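# Architecture at a glance
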2 protein chains.
Amino acid sequence: MRADILDSAVRLFAAHGFRGTSLQDIASDVGCSKASLLYHFTNKDAILSELFAPIGQEFETLLQRLAPLSGEEAARAAVAGVVDMSLRFRNQVKILLLDVDTMLDHPDLPCVDDVTESLVDALVGRVPEQEPRVAGWMALLGIFLTTARGVSIPDETMRSELTSGAFRTLGLSS
Amino acid sequence: MRADILDSAVRLFAAHGFRGTSLQDIASDVGCSKASLLYHFTNKDAILSELFAPIGQEFETLLQRLAPLSGEEAARAAVAGVVDMSLRFRNQVKILLLDVDTMLDHPDLPCVDDVTESLVDALVGRVPEQEPRVAGWMALLGIFLTTARGVSIPDETMRSELTSGAFRTLGLSS
DNA sequence: ACGATAACTGACCGATCGGACAGTTCTGTC
DNA sequence: GACAGAACTGTCCGATCGGTCAGTTATCGT
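My aim in this report is to walk through the structure given alongside it, one point at a time.

The rules behind these values
Residues numbered from 1 in each chain as written. Chains lettered and ligands numbered in written order. Predicted model: local features only at pLDDT ≥ 70, side-chain atom pairs only at ≥ 80, totals over all residues. Heavy atoms only, no water. Near = heavy atom within 4 Å. Polar contact = N/O pair within 3.5 Å; in protein donor to acceptor, adjacent residues only side chain to side chain. Helix = DSSP H or I, 4+ residues; strand = E, 2+ residues; numbered from the N terminus. Buried < 20%, exposed > 50% of the residue type's maximum accessible area, 1.4 Å probe, protein only. Nonpolar A, V, L, I, M, F, W, Y, C, P; charged D, E, K, R; others polar. Expected span 1.5 Å × (residues − 1).

### A look at the protein's contact with DNA strand D
In the neighbourhood of DNA strand D, 15 residues make up the surrounding shell, with Ala35(A), Tyr39(A), His40(A), Lys34(B) and Lys44(B) lying closest. Backbone sugar and phosphate groups make up 55% of those atoms of DNA strand D lying within 4 Å of the protein. Contact distances for DNA strand D include 2.7 Å between a phosphate oxygen and a side-chain N or O atom of Tyr39(A). Contact between DNA strand D and Leu23(B): a phosphate oxygen at 2.9 Å from a main-chain N or O atom of the residue. Of all the secondary-structure elements, those providing two or more residues to the surface near DNA strand D are α3 (34-40) of chain A together with α3 (34-40) of chain B.

Here you go:
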């Protein structure tokens, strides 16, 4: 039941935003009462927090995987990791895209700026030949964000498109 | 007075989203009563619509300027136009970033998907050597969107960074 | 000075929101 | 079948929202 709620919530939040989705909307989608939601979750924010819990862990893992790497190897691993996460957490990314600054008061929610900063920090001085260009990483973040826009392309095609696009952005040969 | 209201509104909408900004918030920022806002504008939506009026016109102008062009010239003009607009309408872009799908019922508001589609349509078959790559244009849209995230960089530096980044994304030499 | 009109406001309304809570139903154990 | 606890619900509440409206104040041409 918790899984059903989370499933409906992530879909509705991604479609209409956090503020644009009421508890009643989720309850109707699940097929239960609003009060039932608040039995399984302490409040509306708790639903949101739980949706983003795995992302924080995965991002930490990605940063750790990047830590020992350097140079072009680090850049390629970063691209692959970001593309992979953006595809697997598409709805969550879309929620961030919709509500990015409206929920800064949620301490356990990933902040897009923090994510970007962490990525840039993790790669400063490691990308070959040139310092990481601001626009390049912004474009990579753009890919990360716009992936969520629901382009109707098979995931594998999308993956290679995104990867080669990001490589090109960062001046790497694909 | 109308100008003061629009000025506060675009700033608050960009900071907290359309739904996250109440009429009282705007009124407090302006320094007048909520009822005064609704004297100058028929409703909250009308404020939003007026904020986006110039963008639609400018985008039409951009598309017309692209129409007679082709090949690399078209791509470069598109990049320059998008970068220019994203810098000049930074707050409006950020509002779209925050509320992109939550306001599909606003007929006179630019839809990010439409903007992307128009740009891609305007350039399909015109970019040299290769078809426009999905990821490349998604990244360009990403730049367009993430420009609004308020990176503290002078506009001229930003402009050249964004332009060279977009060129790299599209496989053009800068 | 005065009347007309624009500009503005306080008070109020209906709707909706997140959330609280007492009470009911379901489910499994002995 | 009796009991316990989990699962669930209907109903209510305070707060807040967008919007209305009668009434007040400021502005300006004459």
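### Things to note about the environment of Ala67(B)
All names here are of chain B. Locating Ala67 in the fold gives a position in the loop between α4 (44-66) and α5 (71-88). On the accessibility criterion, Ala67 (48% relative accessible area) is partly exposed. Each C-alpha atom, one on Ala67 and one on Gly20, is 39 Å from the other, the two residues being 47 residues apart in sequence.

### Observations regarding the protein's contact with DNA strand C
Surrounding DNA strand C, one finds 15 residues, the nearest of these being Lys34(A), Lys44(A), Ser33(B), Tyr39(B) and His40(B). When atoms of DNA strand C within 4 Å of the protein are sorted by moiety, sugar and phosphate together comprise 57%. Within the side chain of His40(B), a nitrogen or oxygen atom sits 2.3 Å from a phosphate oxygen of DNA strand C. Of all elements in the fold, only α3 of chain A together with α3 of chain B reach the threshold of two or more residues within the surface near DNA strand C. Examining the composition of the surface near DNA strand C, we find that four residues originate from one element, α3(B), more than from any other. Tallied by class, the residues present in the surface near DNA strand C amount to seven nonpolar, six polar and two charged.

### Regarding helix α1 (residues 2-16) of chain A
Residues three or four positions apart in an α-helix share a direction because the helix packs 3.6 residues into each turn. For α1(A), which comprises 15 residues, the first-to-last C-alpha distance of 21 Å matches the rise-based estimate of 21 Å (1.5 Å per residue) to within 8%. Listing the buried residues of α1(A) in full gives Ile5(A), Leu6(A), Ser8(A), Ala9(A), Val10(A), Leu12(A), Phe13(A) and Ala14(A).

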